[in-house]
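# Tertiary structure, described
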Amino acid sequence: MQQRDKIKPILFSIIKHSSPEELKRQIPRDIVAGIVVAIVALPLSIALGIASGVSPEQGLYTAIVAGFLIAFLGGSRVQISGPTAAFATIVAGIVATDGMDGLIAATIIAGILLILMGLFKLGAVIRFVPFTITTGFTAGIAVTLAIGQLKDFLGLTYPAGTATVETVDKVAALAGNIATVNAQACIVGLVCLAVLFLWPRLVPRVPSSLMALFAGVALVSGLDLDVLTIGDLYAINSGLPEFHLPQLSFALFRDQLANGATIAILAAIESLLSCVVADSMISSHHRANDELVAQGIGNIASVLFGGIPATGAIARTAANVKAGGRTPIAGMVHALVLVAVLAFLMPYAALIPMPAIAAILLHVAYNMCGWRNFAHLCQTASKGAVATLLLTFALTIVFDLVIAIAAGMLITMVLFMKMVSEETEVKGWKYYGDENSEVTHLRELPKSVRVYEINGPMFFGMTERIADISVKDFTRYLIIRMRGVPSLDATGMNALENLYEYCSAHGVGLIFSHVNEQPMKTMRRAGFVDLVGEEHFRTCIDDAIAHTRDLLERDGRGGKPAPPSA
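Below is a summary of the structure that appears in this document. Note that the coordinates shown come from a computational prediction; the quantities given were computed from them, not determined experimentally.

When you go through the protein chain residue by residue, the secondary structure sums to 22 helices and 8 strands. With the principal axes as the frame, the protein chain shows a C-alpha extent of 105 × 60 × 50 Å. Classification of the 566 residues of the protein chain by burial places 52% in the buried group. The long-range fraction of contacts in the protein chain, counting pairs at least 24 apart against all pairs at least 6 apart in sequence, stands at 81%. Per element, the accessible surface of the protein chain, about 25,900 Å² overall, is 62% carbon and sulfur. Charge-centre separation for the protein chain: the mean point of 40 positive side chains lies 8 Å from the mean point of 43 negative side chains.

All chains considered together, the criterion is met by 9 salt bridges. A salt bridge links R254 to D255; the shortest N-O distance between them is 3.7 Å. A salt bridge links E453 to R481, with the nearest nitrogen and oxygen atoms 3.4 Å apart. Placement of E453 in strand β5 (residues 449-455) and of R481 in strand β6 (residues 477-484) is noted, with a sequence separation of 28 residues between them. One network of salt bridges, in which partners are shared, links E453, R481 and R483.

Counting buried residues along β5, 6 of its 7 residues qualify, which places the element largely inside the surrounding structure. Bridge count between β5 and β6: 6 bridges; the pairing is parallel. Following the sheet pairing, N455 is matched in β6 by G484.

Packed helix pairs are characterised by how far apart their axes lie and by the angle those axes make with each other. Helix α5 (residues 131-154) packs onto helix α4 (residues 85-119) with a crossing angle of 60° between their chain directions and a minimal axis gap of 9 Å. Accordingly, the angle class assigned to the pair α4 and α5 is oblique. In terms of crossing hand, the pair formed by α4 and α5 is left-handed. Counted together, A85, A86, A88 and T89 of α4 and I141, T144 and L145 of α5 form the full contact between these two elements. Among the residues making up the contact of α4 with α5, the classes are represented as 5 nonpolar, 2 polar and no charged.

A cluster of nonpolar side chains, I7, I112, L113, L116, L119, F120, L122, V125 and F128, forms an exposed patch at the surface whose accessible area comes to about 810 Å². Within the secondary structure, F128 sits in the loop between α4 and α5. With a relative accessible area of 57%, F128 lands in the exposed category.

On to the nonpolar core. In this structure, I46, F137, L266, L338, I352 and I357 are the most contacted members of the largest nonpolar core, which totals 87 residues. Those residues in contact with I357, other than ones at most four positions away along the chain, are I46, A47, I50, L213, I230 and I352. Counting 30 residues, the second-largest nonpolar core is a separate cluster that includes V420, M482, V508 and F537.

What follows deals with helix α19 (residues 490-505). An ideal rise of 1.5 Å per residue puts 22 Å on 16 residues; α19 measures up with 23 Å between its terminal C-alpha atoms. Those residues of α19 that fall on the buried side of the exposure criterion are G492, M493, A495, L496, L499 and C503. Buried residues of α19 fall within an arc of 155° about the axis and therefore sit on the same side. α19 presents A490, E501 and A505 as exposed residues on the side facing more than 90 degrees away from its buried surface. In this fold, the buried residues of α19 make contact with β6, β7 (509-513), α20 (517-525) and α21 (528-532).

Residue position: S52 is located in the loop between α2 (20-51) and α3 (56-73). Each C-alpha atom of the pair S52 and K472 lies 71 Å from the other, and the pair is 420 residues apart in sequence. The contacts of S52, once residues within four sequence positions are left out, are A88, V91, A92, V95 and I308.

Looking at the secondary structure, you find T138 in helix α5. At 2.6 Å, the side chain of T138 and the backbone oxygen of T134 are in polar contact. Not counting residues up to four positions away in its chain, the partners in contact with T138 are E270 and M368.

Below, the discussion takes up the packing of aromatic side chains. The full count for this structure, using the stated rule, is 8 aromatic pairs. Ring centres of F68 and F72 lie 6.4 Å apart, and the angle between their planes is 15°; this geometry places the pair in the stacked category. Remark: F72 and F68 occur in helix α3; sequence separation between them is 4 residues, near one turn of the helix. Since its relative accessible area comes to 28%, F72 is described here as partly exposed. Taken together, the ring pairs connect Y500, F512, F528 and F537 into an aromatic cluster. One residue, K151, lies across the ring of Y158, its end atom 5.3 Å from the ring centre.

Relative to the helices and strands, N320 resides in helix α13 (residues 314-322). Leave out the neighbours within four places in its chain, and N320 touches A33, V37, V78, I80, G325 and A330.

Turning to unusual backbone geometry, a few remarks are in order. The backbone of K121 sits at a positive phi, close to 60°, despite the residue not being glycine. Along the polypeptide, K121 turns up in the loop between α4 and α5. Of note in this structure, D224 is not a glycine but carries a positive phi near 55°. Relative to the helices and strands, D224 resides in the loop between α8 (208-223) and α9 (230-233).

The rules behind these values
- Residues numbered from 1 in each chain as written.
- Predicted model: local features only at pLDDT ≥ 70, side-chain atom pairs only at ≥ 80, totals over all residues.
- Heavy atoms only, no water.
- Helix = DSSP H or I, 4+ residues; strand = E, 2+ residues; numbered from the N terminus.
- Buried < 20%, exposed > 50% of the residue type's maximum accessible area, 1.4 Å probe, protein only.
- Contact = heavy atoms within 4.5 Å.
- Areas by Shrake-Rupley, 256 points an atom, 1.4 Å probe, with all protein chains shown as cover.
- Lys, Arg positive; Asp, Glu negative; His and termini not counted.
- Charge placed at Lys NZ, Arg CZ, Asp CG, Glu CD.
- Salt bridge = Lys/Arg side-chain N within 4 Å of Asp/Glu carboxyl O.
- Pairing = 2+ DSSP bridges.
- Axes fitted to C-alpha atoms, helices over the stretch in contact; angles between N-to-C directions.
- Parallel < 35°, antiparallel > 145°, perpendicular 65-115°, else oblique.
- Left-handed = near helix turned anticlockwise from the far one by under 90°.
- Nonpolar A, V, L, I, M, F, W, Y, C, P; charged D, E, K, R; others polar.
- Patch = residues over 30% accessible without salt bridge, like charges linked within 9 Å, V, L, I, M, F, W, Y side chains within 5 Å.
- Core = buried A, V, L, I, M, F, W, Y, C linked by side-chain atoms within 4.5 Å.
- Expected span 1.5 Å × (residues − 1).
- Arc of directions from axis to C-beta.
- Polar contact = N/O pair within 3.5 Å; in protein donor to acceptor, adjacent residues only side chain to side chain.
- Phe/Tyr/Trp six-rings, centres within 6.5 Å; stacked < 30°, edge-to-face > 60°.
- Lys NZ or Arg CZ within 6 Å of the ring centre and 35° of its normal.

No statement about biological role is implied by the geometric values presented.
Below is the structure:
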């Protein structure tokens, strides 16, 4: 195995290949970037913890444990990992139905799957998830997240026992309890939302989410507003994360297998997409398989220390790059700074009003939805691509991510096969006296020889095109030119075998010209080359035509070209 194929954290490579002077210059910049990212991550981690149906400090546990380990072991120079909006609704659903033990089991499964994906070099497979699908499910998650925040943003009160696990249930609960809206909560939420959108234009270097929290606390505390705060709903724990292994069972893991697969798929897609974005910002290249292994280890450790699933966070990664971070040290420093915040400042989180948290998450959902890309695709993409986009979007909202991605990939594969099959063509060469062939070539062909040229891949989506090949009563040899065939699958192979049987039944010899490497391997593996005869596979069309002349002369049929048509 070559060195570049080994699973090796990029941090180790940076240290090995950087001079002491380079490290001396960069490490202080990474420390500053880590502090900046921690300030950005603080309110988001608390908000996403609450949105995920767990306590505020569990969001910080995730940023600390997963953030440190993924930075230390990962394959990206600048990736920052932690709780993200993409996981919020999924985690909340698992916690609501199966509790924390269910979430731990699902995340351990996801972590194992991520590690296996990395070890089996599946990082490159993520490239094959189409942009329409990622845009559709990302927008769907954003809408689901936004719907989940409207209760706290509007200050609504739900009767005990109201079902709010599924998105449809949340919409029904909102509609049924809209009369309980709290005007004061709405004011706090709107002010915080305004700060989130306007503050970056005034002081872009100070995180707007942090300023929104300060504004919300000032409003509620200063004006003594009747608005719920984090302290009203949660008992704040400022202790450091502790290792906890719950009672896990085979039955629990079996029941959580689907949830684990969902978390693994989303973590892989989100983290590697974030790596790609980061690469474009610093002109670098990430190690996809290393990152997957690190994500798996980080997620397992996160839930065992009281956290929730984590993945690469594009917004925090971008903040790291803008602050000067260029090595994983920045991500590790960000986690350590959050440890200090958790130990000394966490009790003050009780003062944060819930509408402020809801406003932050609505702002996250807005940035996450990518509505410009969504609208652009609807306007410019093909009908099939738009259908895939809308279906993935709708299924993510109504059902879940796995169903949405599975349905989207199925439609995409069908559309892809249709597109490729339309590009594959079978055309006959014209010879003297034949006025019905589709293509004219200048070479002189014996009248008893017909030439068909196949262009495009031969797979199960287009093998019926082989039926277009026909022979006339006077045809003695049929040349199949395959210079334009890059690939051949088992169904295409079967179609060629049927063509051989058809030709044999009509007394026609079959000659192949310029068969490429992959189709030739498939033919040899199927025993087709031996069936047809090695000598009937020629390297070029001129050689194939000369070969048929030799065969005609040998058989006494004559190899002279047919006379020109009248």
